[in-house]
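Analysis of the macromolecular model
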Amino acid sequence: MNRATAAAGMTWRRPPVIANPWLRRGLFIGVPLYLFVALGTLEINWARVMAGMPRALEFLAALASPDFVSRADQIIDGVLESLTMTLVSTFLGFLLSVPVALGAARNLAPVPVYLTCRAIIAISRSFQEIIIAILFVAMLGFGPLAGVATLAFASIGFIAKLAAEEIEAMNPRPLEAIRATGGSWLQRVQWAVQPQVLPRVAGITLYRLDINFRESAIIGIVGAGGIGATLNTAFDRYEFETAAAILLVIIVIVLAAEYTSGWLRGRLR
Amino acid sequence: MLRLEGLGKRYPGSQTAALSDVDLEVGAGDIVALIGPSGAGKSTLIRCINRLVEPTEGRVMLGNQELTGLGARQLRQARRRIGMVFQEFALVDRLSVMENLLSGRLGYVGFWRSALRRFPQSDIDMAFQLLERVGLAGFADRRADALSGGQRQRVGIARALMQAPDLLLVDEPTASLDPRTARQIMRLIDELCRERGLPAIINLHDVPLARQFCPRVVGLTAGRVVYDGPSSALDAEVLTRIYGGEDWEKMAEAAREDEPPDEPGEATRSTADQAGTVPPKAGLP
């Protein structure tokens with residue numbers, strides 16, 4: 001054994017992540033300095049903060065005594081509308097995502113298709129839901145239709161991107177094997193791709209389902225229907241107890257969605 | 001049956017050719033082992049035949065049909081005639097054994113029939129017969145990922161035979177199997193090919209297996225055929241031509257020692273010995 005030839009007592013230290021000592025020291029000093037200076041440029045109007053405090057406390061107090069009763073009808077309608085919007089838009093978004101995801105997977109699509117589908121994903125992802133909602137409200141008018149269009153459009157970017165990544169990361173051997181049997185492109189997708197990625201894609205879609213519910217509460221504020229619209233009205237009327245009730249309902253539904261989708265994902269193996 | 005003429009492959013961006021000027025003829029019922037060091041182009045050669053890898057030079061003739069130059073649709077039809085068995089089995093794990101077998105028929109049925117799993121009765125009969133033949137009767141509805149390595153490779157072989165192929169391409173069928181299962185799988189491939197008079201090209205990295213099961217051996221080095229002849233004529237000189245210098249007599253001895261791998265301790269010791277005592281690039285006797 002030639003292990004004995006190595007000298008005893010050699011020290012070892014983990015090599016630094018940044019090899020250049022000057023750059024390393026510069027960063028250690030420079031970054032905190034910059035943060036300190038940047039903090040200094042923030043203008044905080046303490047008088048305004050103090051004036052807002054009572055209202056914030058009032059709202060916090062309202063959270064402790066939520067009022068589910070006086071606007072019960074509106075809350076129930078809003079929740080049902082939001083749930084409908086969520087389900088319909090997630091389903092539509094999933095259907096539209098499938099071709100985009102297949103086209104955006106480098107191991108399935110030729111370059112022009114790949115670039116086109118990646119561009120669709122990038123466009124869908126580059127805008128925040130609120131911005132898309134404003135656009136659709138202007139196009140389709142106030143109400144849940146605009147909300148469904150918004151969420152479906154936003155879902156494409158999310159589901160298609162993650163699904164395409166999943167397709168690109170799958171085991172290429174079964175795909176090769178199906179090609180070798182003389183299977184067509186559609187058969188390859190159906191026999192080699194779908195079985196490999198379906199459980200993950202279903203999980204991604206379920207995850208998007210609860211994102212869409214949360215988003216449906218936000219986009220209502222710009223007029224796209226759902227529980228958000230109810231919430232916005234409550235704030236406008238300074239009905240903080242009702243607003244608090246709505247927030248609690250949203251939290252409960254998101255929690256329920258979280259647990260059920262987690263359970264479902266666990267069963268899809 | 002199969003004729004390769006001046007076949008060459010150069011991957012884009014690569015300085016050296018992965019395959020160059022390969023001429024090979026495989027007759028009806030020929031069982032050919034393709035051996036050579038890693039990176040010699042064995043996998044590339046086998047994939048150039050059914051154009052899973054597109055050859056850049058030369059011709060592939062299967063019977064009277066030239067495969068190189070076929071359009072997409074005709075190529076798919078031609079691929080049905082070539083069964084393929086893979087190193088890591090390449091089964092679709094979440095599908096059942098039966099579905100994996102039936103996927104061998106995809107070239108023969110339309111998309112909707114295959115999507116709805118409505119295969120012709122004759123295909124299903126054939127699948128059950130093959131399952132029984134490879135020793136997996138009763139496994140039809142098991143998921144592919146629930147099987148052991150040897151069982152999975154049996155499914156892989158049955159899938160290839162479902163195509164009713166005229167030629168079998170086998171890519172390192174035993175690489176992920178233990179020595180005993182490897183022999184069983186090779187024996188099965190050998191028997192099935194003989195039963196059907198089916199010619200086969202088998203990539204192998206295990207020279208003793210090639211000697212035992214394949215009457216004919218083709219040696220590939222750096223993309224060129226350097227030996228084509230009977231496996232009985234594989235001697236130290238030929239192996240050196242294919243693999244480069246190495247103490248072949250000692251290797252053969254070690255292989256003989258672990259031939260019956262009944263005692264695992266014995267086998268491990270002999271491989272350890274071999275690794276310890278054979279210096280790389282030792283002079284040949």
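Report follows, based on the coordinates. The model shown is predicted, which means the values in this text are computed figures rather than measured ones.

Reading the values: the criteria
The numbers attached to residues start from 1 for each chain and follow its sequence in the written order. Chain A is the first chain written and ligand 1 is the first ligand written, with later ones labelled in order. For a predicted model such as this one, the threshold for reporting local features is a pLDDT of at least 70, and the threshold for listing and counting side-chain atom pairs is 80 or more; totals across whole chains, interfaces and linings nevertheless cover every residue. The side-chain figures draw on all heavy atoms in the structure; neither hydrogens nor water molecules are used. Counting from the N terminus, the helices are DSSP H or I runs at least four residues long and the strands are E runs at least two residues long. Every radius of gyration here is taken over C-alpha atoms, with the globule rule written as 2.2 Å times N^0.38, N being the number of residues. In this tally, Asp and Glu contribute negative charge and Lys and Arg positive charge; neither His nor the terminal groups of the chain are included. Here the site of a charge means NZ on Lys, CZ on Arg, CG on Asp, or CD on Glu. Note on exposure labels: buried denotes an accessible area under 20% of the residue type's maximum, exposed denotes more than 50%, and partly exposed covers the range between, all computed with a 1.4 Å probe on protein chains only. Every residue pair with non-hydrogen atoms within 4.5 Å of one another is taken to be in contact. The accessible surface values rely on the Shrake-Rupley method and a 1.4 Å probe; as for residues, cover is taken only from the protein chains in view. Comment: arc refers to directions from the helix axis out to C-beta atoms. A pair of strands counts as paired when DSSP detects no fewer than two bridges linking them. For helices, the axis comes from a line fit to the C-alpha atoms of the stretch in contact; other axes are also lines fit to C-alpha atoms, and the angle between any two N-to-C directions lies between 0 and 180 degrees. Each Phe, Tyr or Trp ring, with Trp reduced to its six-membered ring, pairs with another whose centre is within 6.5 Å; inter-plane angles below 30 degrees give stacked pairs, above 60 give edge-to-face pairs, and intermediate values give tilted ones. Note on criteria: charge over ring means Lys NZ or Arg CZ within 6 Å of the ring centre, with the direction from the centre no more than 35 degrees off the ring normal. Residues form patches when they are more than 30% accessible in relative terms and have no salt bridge. Like charges link within 9 Å. Nonpolar side chains (Val, Leu, Ile, Met, Phe, Trp, Tyr) link within 5 Å. Here, a salt bridge means any side-chain nitrogen of Lys or Arg that lies within 4 Å of a carboxyl oxygen of Asp or Glu. Roughly parallel refers to an angle under 35 degrees, roughly antiparallel to one over 145, roughly perpendicular to one between 65 and 115, and oblique to any angle outside these ranges. Whether a crossing is left-handed or right-handed is set by the direction in which the near helix is turned from the far one by less than a right angle, anticlockwise for left-handed and clockwise for right-handed. Three classes are used: nonpolar for Ala, Val, Leu, Ile, Met, Phe, Trp, Tyr, Cys and Pro, charged for Asp, Glu, Lys and Arg, and polar for all others, with Gly counted as polar. Side-chain atoms within 4.5 Å link the members of a nonpolar core, which is a set of buried Ala, Val, Leu, Ile, Met, Phe, Trp, Tyr and Cys residues. Any pair of nitrogen or oxygen atoms within 3.5 Å is treated as a polar contact; in protein, a donor-acceptor pairing is required on top of that, and neighbouring residues in sequence qualify only through side-chain atoms on both sides.

Points about the overall build of chain A
- Helix and strand counts for chain A stand at ten helices and zero strands.
- N-terminal to C-terminal, the α/β element order of chain A is α-α-α-α-α-α-α-α-α-α.
- For 269 residues, the compact-globule formula gives about 18 Å, and the C-alpha radius of gyration of chain A, at 26 Å, lies well above that figure.
- Side chains of chain A give 22 positive and 17 negative charges; the mean places of these two sets differ by 19 Å.

Looking at the overall build of chain B
- For chain B, the count of helices and strands is eleven helices and ten strands.
- Classification of the 285 residues of chain B by burial places 50% in the buried group.
- Put simply, 69% of the contacts in chain B that link residues at least 6 apart link residues at least 24 apart.
- Surface exposure of chain B reaches about 12900 Å², of which carbon and sulfur atoms provide 48%.

Details of helix H2 (residues 72-79) of chain B
- When we look at burial in H2 of chain B, the residues that qualify are Leu75, Ala78 and Arg79 of chain B. Relative to the axis of H2 of chain B, the buried residues are bounded by an arc of 100° and lie together on one face.
- Along its buried surface, H2 of chain B packs onto helix H7 (172-180) of chain A together with strand S5 (65-66) and strand S6 (82-85) of chain B.

A look at the sheet that holds strand S1 (residues 2-9) of chain B
Residues and elements named next belong to chain B.
- Spatially, S2-S1-S4-S5 is the arrangement adopted by the four strands of the open sheet, whose pairing is antiparallel. Edge positions in the sheet fall to strand S2 (19-26) and S5, since each of these pairs with one other strand and no more.
- The pairing of S1 with strand S4 (residues 57-62) spans five bridges and is antiparallel. Within the sheet, the bridge partner assigned to leucine 2 lies in S4 and is leucine 62.
- In the packing of helix H1 (residues 42-49) onto the sheet, contacts are made with S1, S2 and S4, and the angle to S1 comes to roughly 120°.

Notes on the packing of aromatic side chains
- Scanning the model with the defined rule gives five aromatic pairs over all chains in all.
- Considering the side-chain rings of tryptophan 191 of chain A and phenylalanine 119 of chain B, the 5.8 Å spacing of their centres and the 80° angle between planes classify their relative orientation as edge-to-face. Of this pair, tryptophan 191 of chain A sits in helix H8 (residues 185-219) while phenylalanine 119 of chain B sits in the loop between helix H4 (111-115) and helix H5 (121-133), on two different chains. There is no split in this pair, since tryptophan 191 of chain A and phenylalanine 119 of chain B are both buried.
- By the ring-pair criterion, three or more aromatic residues cluster together here, those being Phe235, Tyr238 and Phe240 of chain A.
- Geometry around tyrosine 108 of chain B places arginine 80 of chain B over its ring, the cationic atom sitting 4.5 Å from the centre.

Focus on the pairing of S1 of chain B
Residues and elements named next belong to chain B.
- The buried count for S1 comes to six of eight residues, which makes it a mostly enclosed element.
- Here five bridges tie S1 to S2, and the two strands are oriented antiparallel to one another. By the bridge assignment, leucine 4 is partnered in S2 with leucine 24.

Some words on a nonpolar patch on the surface
- Nonpolar side chains collect at one region of the surface, where Leu39, Leu42, Ile44, Trp46, Val49, Met50 and Met53 of chain A lie side by side and expose about 770 Å² of accessible area between them.
- Topologically, tryptophan 46 of chain A is positioned in helix H2 (residues 46-64).

Some words on the sheet that holds S6 of chain B
All names here are of chain B.
- Spatial ordering of the open sheet is given by S6-S7-S8-S3-S9-S10, a layout of six strands whose pairing is mixed. Only two strands of the sheet have a single neighbouring strand rather than two, namely S6 and strand S10 (224-230). With direction set aside, neighbouring strand axes in the sheet form an average angle of 20°.
- Inspection of the sheet shows S6 paired to strand S7 (residues 167-171) by four bridges, in the parallel sense. The partner of methionine 84 across the bridge, within S7, is leucine 169.

Comments concerning the packing of helix H5 (residues 129-140) of chain A against helix H6 (residues 144-168) of chain A
Residues and elements named next belong to chain A.
- H6 packs onto H5 with a crossing angle of 140° between their chain directions and a minimal axis gap of 8 Å. Overall, the two elements H5 and H6 adopt an arrangement that is oblique. Viewed along their axes, H5 and H6 form a crossing whose handedness is right-handed. Two secondary-structure elements touch here, H5 through Glu129, Ile132, Ala133, Phe136, Val137 and Leu140 and H6 through Leu145, Ala146, Ala149, Thr150, Phe153 and Ala154.
- Classifying every residue of the contact of H5 with H6 gives ten nonpolar, one polar and one charged.

Details of the nonpolar core
Residue and element names in this part refer to chain B.
- Among the nonpolar cores identified, the biggest contains 77 residues, and Leu101, Leu168, Ile202, Leu204 and Leu234 are the most heavily contacted of them.
- In terms of residue count, the dominant contributor to this core is helix H7 (residues 179-196) (seven residues).
- The contacts of isoleucine 202, once residues within four sequence positions are left out, are Ile31, Val32, Ala33, Leu34, Val170, Pro173, Met186, Ile189 and Cys214.
- Of all hydrophobic cores here, the second largest spans 33 residues; its members include Leu19, Val22, Ile49 and Met84.

Structural notes on the environment of alanine 18 of chain B
All names here are of chain B.
- Within the secondary structure, alanine 18 sits in the loop between S1 and S2.
- Sequence spacing of alanine 18 and glycine 41 is 23 residues, and the spatial spacing of their C-alpha atoms is 5.7 Å.
- The residues contacting alanine 18, other than those within four sequence positions of it, are Lys9, Arg10, Tyr11, Ala40, Gly41, Thr44 and Gly223.

Quick look at the side chain of serine 89 of chain A
All names here are of chain A.
- Tracing the backbone shows serine 89 in helix H3 (residues 72-103).
- Looking at serine 89, the relative accessible area reads 0%, which means it is buried.
- Looking at serine 89, its side chain comes within polar contact range of the main-chain oxygen of methionine 85, at 2.7 Å.
- Of note is the side chain of serine 89, whose polar atom sits 3.1 Å from the backbone oxygen of threonine 86.
- Those residues in contact with serine 89 that sit more than four places away from it in its chain are Val148, Leu151, Ala152, Ser155 and Asn212.

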